[in-house]
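Structural overview for review
Residue-level listing of the chains:
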Amino acid sequence: MIKSKLLNSLTRTLGGIGYRMTERIWRLGAGARLFFLTIFYSGESFKRFHLTLREIYFTGVMSLLIIVVSAFFVGMVLALQGYNTLQKYGSSEAIGVLVALSLVRELGPVVTALLFAGRAGTAITAEIGLMKTTEQLSAMEMMAVNPIARVIAPRFWAGVISMPILATLFSMVGILGGYIVAVPLIGVDDGAFWSQMQANVDFRLDIVNGLIKSLVFGVACTMIALFEGFDAPPTAEGVSRATTRTVVISSLTVLALDFVLTSFMLVI
Amino acid sequence: MNPNIVEIDNLSFGYKGRLLHKGINMVFPRGKVVAIMGGSGSGKTTLLRLIGGQIKPSKGEVRVDGAVVHQQDRDGIYKLRRKMGMLFQHGALFTDLSVFDNVAFPMRELTDLPESMIRDLVLMKLNAVGLRGAYNFMPTELSGGMARRVALARAVALDPNIIMYDEPFAGLDPISMAVICDLIRSLNDALGATSIIVSHDVKETFLIADYVYFVASGEVAAEGTPHDLMQSTLPFVHQFVHGEKDGPVPFHYPASNYQAELLGHKSAKSN
């Protein structure tokens, strides 16, 4: 009796694990399929670029405020913390390099992607999910209009285009924040701040690598947000869960991808 | 020319191991208003999705203008859908577009018409449903009846041969219901189209339909003109048409023995 109960419970547990694994693999496959279909049906997004431009406004321009304000504070905190440590070693003039490299290489792309997932990613998921719930995507299908070409692809390219621009702005505003704290407030030499930065920040190794990271994060975050919306069960609860998943999966993906990309970039 | 624009031949459809339709046969003659009626969950809307090629049948076929829908590739399906217009249950208007842009949507997406001509056509369609004055409203500013009328204008934007209506009267006040009822008939006659109405509102549907199919338990339970069906002595049709609460369609969903379940529950609790 006890043996059979134990066997039943073991079977249920293993079955549950198997079900969850299969479901996740299935979702990964469905996501990859949507990604390739999006690329395949992207012609419309460029032929009628106003569709993509409109989405750039909603995903990129509307995210500007949170990106700029966050960047400003991140830059200021970096300068404060950096100065605190650097002055112990008598190299407080290197504060400009520290702020710039931290922002351009890591914080710019990563924090922008995390903020983008929270601000624009959730909006994309909720919008697509609600379009599905209210049968707008079905209506489009019935009008012989492909929703992937008309709805998904323009949003995808808008995210991919917006992310590097936002990350660049993040780094620029962050450096400005760092400058304001380091030079006028703390009193670090103005010339040393900029000249050390100019001498030590490499265009190819630092700026281009940062841009590549933000581009990859743009593809990942936007695609996750679009897939979660497209795959959301057409109920209020379904859309709410999909929106939460967008933030969680995007954030973890960005952090994992950052590690992988940084490893490759440091080796190459 | 085939007198029937849509033909459903021995169609079966099921999912998750449950057979929703079991060998359904229906024809939809050109120029007529044909209704598909039945209780909630009887698969009426699924029939519209099968006609539109959004899902594939398990057995049998749906032919639209002679073409077997599920055998078409994506381009073929889209070509067939250009002959169709569909009014969804809640309108399915694009919430980020104005009334004008919603009606203009299929014209802009599927034709190369100049914007000046699209403007005139949209205003004509909106005038036909009595909402020309609301062209710059957003969908959130419309009442349920108005949204349904805008969706109807959008469904007929490209003068389709087949117009499908999914529960067009659901949730409307009596005035809006009468307006939609009148519009379905008049637009069908003006466009020379074929209308397929899925509904469970007997009074309104019988008022405008030329022919009615009753679907129950996955089969066509009865068919005929509204007049014939009003006189029908078939138990299911009689119960449905006269809105009786018990009959062949039972009040209770199938369940285990009531007494046994209550007693079982009691003894389980006492344990």
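Residues numbered from 1 in each chain as written. Chains lettered and ligands numbered in written order. Predicted model: local features only at pLDDT ≥ 70, side-chain atom pairs only at ≥ 80, totals over all residues.

Here the focus is the overall build of chain A. Across its full length, chain A holds ten helices and zero strands. In chain A, buried positions account for 43% of the 268 residues. The contacts in chain A between residues at least 6 apart in sequence include a share of 87% that link residues at least 24 apart. (Helix = DSSP H or I, 4+ residues; strand = E, 2+ residues; numbered from the N terminus. Buried ≥ 20, exposed ≤ 12 C-beta atoms within 10 Å, placed from the backbone. Contact = placed C-beta atoms within 7 Å.)

Residues and elements named next belong to chain B. Of the pairings in the sheet, the one linking strand 1 (residues 4-15) to strand 2 (residues 18-29) comprises eight bridges and is antiparallel in character. Each residue of the ladder has a partner; that of Glu7, found in strand 2, is Val27. Taken together, strand 1 and the strand that follows it, strand 2, pair antiparallel across an intervening segment of two residues, in which Lys16 is found at a positive phi of about 50°. Pairing between strand 1 and strand 4 (residues 59-64): five bridges, direction antiparallel. Residue pairing in the sheet places Ile8 in a bridge with Val62 of strand 4. (Pairing = 2+ DSSP bridges.)

Residues and elements named next belong to chain B. Looking at chain B as a whole, its pLDDT mean stands at 87, while 97% of the residues score no less than 70. Across chain B, helix 3 (residues 99-110) holds the top mean pLDDT of 94, while helix 10 (residues 258-270) sits lowest at 68. In the model, residues 267-271 has pLDDT below 50 throughout and makes zero contacts with residues more than four positions away in sequence or in other chains. Here the prediction assigns the complex a pTM of 0.86, and the interface score ipTM is 0.82. (pLDDT = per-residue confidence, 0-100.)

The strands making up a sheet associate through hydrogen bonds between their backbones, and the pairing can be parallel or antiparallel. All names here are of chain B. Spatial ordering of the open sheet is given by 2-1-4-5, a layout of four strands whose pairing is antiparallel. Each edge of the open sheet is held by one strand with a lone partner, namely strand 2 and strand 5 (67-68). Taken strand by strand, helix 1 (residues 44-51) contacts strand 1, strand 2 and strand 4, and its axis lies near 120° from that of strand 1. (Axes fitted to C-alpha atoms, helices over the stretch in contact; angles between N-to-C directions.)

Our next topic: the pairing of strand 7 (residues 162-166) of chain B. All names here are of chain B. With five of five residues buried, strand 7 lies mostly within the body of the structure. Because side chains alternate across strand 7, one face comprises the buried residues Ile162, Met164 and Asp166, and the other comprises Ile163 and Tyr165, equally buried. Judged from the five bridges that link them, strand 7 and strand 8 (residues 194-199) form a sheet pairing that is parallel. Paired with Ile162 across the bridge in strand 8 is Thr194. With helix 6 (residues 174-191) bridging strand 7 and the parallel strand 8, this β-α-β connection has right-handed handedness. (Right-handed = clockwise from strand over helix to strand, strands pointing away.)

Residue and element names in this part refer to chain B. Remark: helix 3 packs on helix 4 (residues 115-128), axes separated minimally by 9 Å, with the N-to-C direction vectors making an angle of 125°. Here helix 3 is positioned oblique relative to helix 4, judged by the angle of their axes. As helix 3 runs across helix 4, the sense of the crossing is right-handed. Contact residues: Phe100, Val103, Ala104, Met107 and Arg108 in helix 3; Ile118, Leu121, Val122, Lys125 and Leu126 in helix 4. (Parallel < 35°, antiparallel > 145°, perpendicular 65-115°, else oblique. Left-handed = near helix turned anticlockwise from the far one by under 90°.)

In this section: the interface of chain B and chain A. Taken together, the 14 residues of chain B in the interface contact ten residues of chain A. Sorting the residues of the side of chain B that touches chain A by element identifies helix 2 (74-81), strand 6 (84-87) and helix 3 of chain B as the ones contributing at least two each. Residue composition of the side of chain B that touches chain A, grouped by class: eight nonpolar, three polar and three charged. (Nonpolar A, V, L, I, M, F, W, Y, C, P; charged D, E, K, R; others polar.)

On to helix 4 of chain B, then. Each full turn of the α-helix corresponds to 3.6 residues, which orients residues three or four apart in the same direction. All names here are of chain B. Taking 1.5 Å per residue, 14 residues should reach 20 Å; helix 4 reaches 20 Å between its end C-alpha atoms and fits that length. Of all the residues in helix 4, the buried ones are Val122, Lys125 and Leu126. Angular distribution of buried residues about the axis of helix 4 spans 95°; they occupy a single face of the element. Helix 4 presents Ser116, Met117 and Asp120 as exposed residues on the side facing more than 90 degrees away from its buried surface. (Expected span 1.5 Å × (residues − 1). Arc of directions from axis to C-beta.)

On to unusual backbone geometry, then. Residues and elements named next belong to chain B. Look at Asp65: it is not a glycine, yet its phi comes out positive at around 50°. Its place among the elements puts Asp65 in the loop between strand 4 and strand 5. Under the C-beta neighbour-count criterion, Asp65 is labelled partly exposed, with 18 such atoms within 10 Å.

Residue and element names in this part refer to chain A. Helix 7 (residues 147-186) packs onto helix 5 (residues 95-133) with a crossing angle of 145° between their chain directions and a minimal axis gap of 7 Å. The crossing of helix 5 and helix 7 is right-handed. Residues that form the contact of helix 5 with helix 7 fall into these classes: 21 nonpolar, seven polar and one charged.

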